[in-house]
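Coordinate inspection notes
Given next are the chains, with one letter for each unit.
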Amino acid sequence: MQVKYLKPILVASAMVGLSQWSGLSMAQTADQLYKRSLSATCANCHGTDGKGVVDGGMPLINNLTSEQMLAKLKAYKSGALEGTIMPQLAKGYTDEQLTTIANQLGKKQ
Amino acid sequence: MDRRHFMGQSAAVLGLLAGLSTQARANLPKAEILVIGGGYGGATAAKYLRLFSNNTARVTLIEPNTAFVSCPMSNLVIGGSRSLAEMTSPYDTLSKRHGIKIIQDSVSNIDAEKKMVKLASGKTLRYDKLVVSPGISLNMNSIEGLAQANKDGVTLQAWKAGPETVALHKQIAAMREGGTFALTIPEAPYRCPPGPYERACQVANYLKQHNPRGKVLVLDANQDIVSKGALFKKAWAEQYPGMIEYRPKSNVIGVDAKNKTLKLEVEDDVKADVLNVLPQMAAGEIAIKAGLANSNARWVNVNFLNFESTARKDIHVLGDAIQIAPLMPKSGHMANQHAKVAAAAIVAELSGWEVNPAPVLTNTCYSFVNDREVVHVASVHQYNAAEKTFKTVPGSGGLSPAPSILEGIYAWGWARNIWADSLG
């Protein structure tokens, strides 16, 4: 087992300066965790990480870019876009939270 | 050790070699995290502890059953339009895909001082963090004669989905022509606020087709319908005229199994052909036994930022077992959402990070008024730091305007997605 560890450690050490494994990257990771947990509130209906069950009966969202997703979420929130549950749920999130969710779950181009 | 475990541990070793003062960070892959209960809360917590830790957390799930059976949707089995197999999911994906160790056993005791869990098999396990998601217990002794009647199968609860769900459908199918199905509802809080009223719809829908002179009698200990009241009343009047009799403020205090009679606190006794008696509910047995139920000895008070029990450190309690925040339902959807907040908080704590100070929860709940048309209720709950609780956002959430087939499609889509999110 120890031998197995050795190679990735050496490779990784060579790739990054040790000082770069600092508080900054940890803070970003904590922030990333909060963003992931906020976005996970959507997963019950739209799938883990936004990857819903294909042909499952629920609208799929993983074909939307972050920009498209945010526009849709804001339209639900304002009432410009009609729906069943989504207009009611979108009104419960702040604009900042909707932006985080769209950035997290939207398809990256 | 799977590849994910290996990569995670490599990263931890790398961190230590790099000479960082990251002792707390290194605790994440070293910590033993046990999850008790594989329902919507526990299964989701186990999976998301792995996801949120980038597969570095060591997670063991303890669950006595070989497969998960969903309570949501199980009223459709009682109504005869779906099978229990359709709402059953295996547990092995959690181990195969996510590297969760699964122990098929039940927990007989928790020693919070020594941080040990004792299993029914006699084995003991140590933990650093314990997640307890035990669901509900049914207090059969709260109604005279019920414990024996339920044991004998004269009355059924079918509120924990499983063999009784199928047995109840069989009793309804075998009911004499023009017979009466009686459903009793305990005073809130209980698991799944709209569940009993959906059940009344499902039984009526079955009887309408197979036993049109049959009746559904709903004896509700509450003042009025607890959830989606206007929608259910309208559906009953329009779709099942004369079939469903609803009696609020009807508290059942006894069961005469021999005569299939229910004794009520105030009104006269009621005789029926099929008895579906739901007693008062409380947190799952292990939570009560472990001294976690510090709210009226029934429910578990938690810190809503991380779902840690207020009675015991490092024990996080989820789902129907907790004392809810205002307007927070005891639902499968909500249990799944509790699990994600708790999993993120545990990962943060073991990484030496501040726990997210502003978690969010949502709830959506679909009810079938027949085998195709559905109504919903939805809500969003933001954490309120000043009051240390979750509060629904004014203007958000709400109900369906009317039953619809589109929502019926979404309801089944919700089920398939939440099963995949919790267990897949």
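Worth saying up front: this structure is predicted, and the values here are computed from it rather than measured.

**Some remarks on the domain arrangement of chain B**
Residues and elements named next belong to chain B. Its domain assignment divides chain B into domain 1 (32-64 + 105-138 + 282-355) and domain 2 (146-281). Using only C-alpha atoms to locate each centre, domain 1 and domain 2 end up separated by 32 Å. Summed over both partners, the interface of domain 1 with domain 2 buries about 990 Å², with 62% contributed by carbon and sulfur atoms. Linking domain 1 to domain 2 there are one salt bridge. Residue R191 pairs with D320 through a salt bridge whose shortest N-O separation is 2.5 Å. At the boundary of domain 1 with domain 2, the tally comes to four residue pairs in polar contact (both at pLDDT 80 or more). At three residues, strand 10 (residues 136-138) tops the list of elements feeding residues into the side of domain 1 that touches domain 2.

**Quick notes on the layout of surface pockets**
When its volume is computed, the second largest pocket comes out at roughly 570 Å³. For the lining of the second largest pocket, the elements supplying multiple residues, two or more each, are helix 3 (43-46), helix 4 (66-78), helix 5 (86-90) and helix 6 (95-105) of chain A together with strand 23 (360-368) of chain B. Top element by residues in the lining of the second largest pocket is helix 4 of chain A. It accounts for four residues. Grouping the amino acids of the lining of the second largest pocket by side-chain chemistry returns 20 nonpolar, nine polar and one charged.

**Quick word on the UniProt feature "domain: Flavocytochrome c sulphide dehydrogenase flavin-binding" (unreviewed entry) in chain B**
Look at the UniProt record and you will see "domain: Flavocytochrome c sulphide dehydrogenase flavin-binding" (unreviewed entry) annotated at residues 357-423 of chain B. In the segment residues 357-423 of chain B, helix accounts for 28% and strand for 39%; the C-alpha atoms at its two ends are 27 Å apart.

**A short note on the pattern of salt bridges**
All names here are of chain B. The final tally for this structure, using the stated rule, is 18 salt bridges over all chains. Residue K96 pairs with D92 through a salt bridge whose shortest N-O separation is 3.2 Å. Of this pair, K96 and D92 both sit in helix 5 (residues 92-96), four residues apart, which is roughly one turn of the helix. The class for K96 is exposed, based on a relative accessible area of 68%. Ionic pairing is found between K129 and E349, a salt bridge with its closest N-O pair at 2.4 Å. Here K129, found in strand 9 (residues 129-132), pairs with E349, found in helix 11 (residues 332-351); they are 220 residues apart in sequence, far enough to count as distant. Classification of E349 as partly exposed rests on a relative accessible area of 26%. Beyond isolated ion pairs, a larger network of salt bridges with shared partners links K115, K129, K313, D314 and E349.

**Details of the nonpolar core**
All names here are of chain B. Grouped together as the largest cluster of nonpolar side chains are 156 residues, with contacts concentrated most on M73, I110, V117, W236 and F307. Here this core gets eleven residues from one element, more than from any other, and that element is helix 11. The residues that make up this core include at least three from each of domain 1 (32-64 + 105-138 + 282-355) and domain 2 (146-281). Ignoring any residue separated from it by four or fewer positions in sequence, one finds I110 in contact with I36, M116, V117, Y127, L130, V132, I286, A290 and I315.

**Structural notes on the sheet that holds strand 16 (residues 261-264) of chain B**
Residue and element names in this part refer to chain B. One open sheet holds the three strands; their spatial order is 15-16-17, and the pairing between them is antiparallel. The open sheet has two free edges, formed respectively by strand 15 (252-256) and strand 17 (270-271), since each of these has just one partner strand. Direction of pairing for strand 15 relative to strand 16: antiparallel, over a ladder of four bridges. For G254, the partnering residue across the bridge sits in strand 16 and is K263.

Calculation criteria
Residues numbered from 1 in each chain as written. Chains lettered and ligands numbered in written order. Predicted model: local features only at pLDDT ≥ 70, side-chain atom pairs only at ≥ 80, totals over all residues. Heavy atoms only, no water. Domains from an automatic or database assignment. Buried area = accessible area lost by both parts, 1.4 Å probe. Salt bridge = Lys/Arg side-chain N within 4 Å of Asp/Glu carboxyl O. Polar contact = N/O pair within 3.5 Å; in protein donor to acceptor, adjacent residues only side chain to side chain. Helix = DSSP H or I, 4+ residues; strand = E, 2+ residues; numbered from the N terminus. 1 Å grid on protein atoms, 1.4 Å probe; cavity = no way out; pocket = protein on both sides within 12 Å on 5 of 7 lines; lining within 4 Å. Points joined across faces, edges and corners; volume = space filled by probe spheres on them. Nonpolar A, V, L, I, M, F, W, Y, C, P; charged D, E, K, R; others polar. UniProt positions renumbered as here; feature names shortened; annotations may be inferred. Buried < 20%, exposed > 50% of the residue type's maximum accessible area, 1.4 Å probe, protein only. Core = buried A, V, L, I, M, F, W, Y, C linked by side-chain atoms within 4.5 Å. Contact = heavy atoms within 4.5 Å. Pairing = 2+ DSSP bridges.

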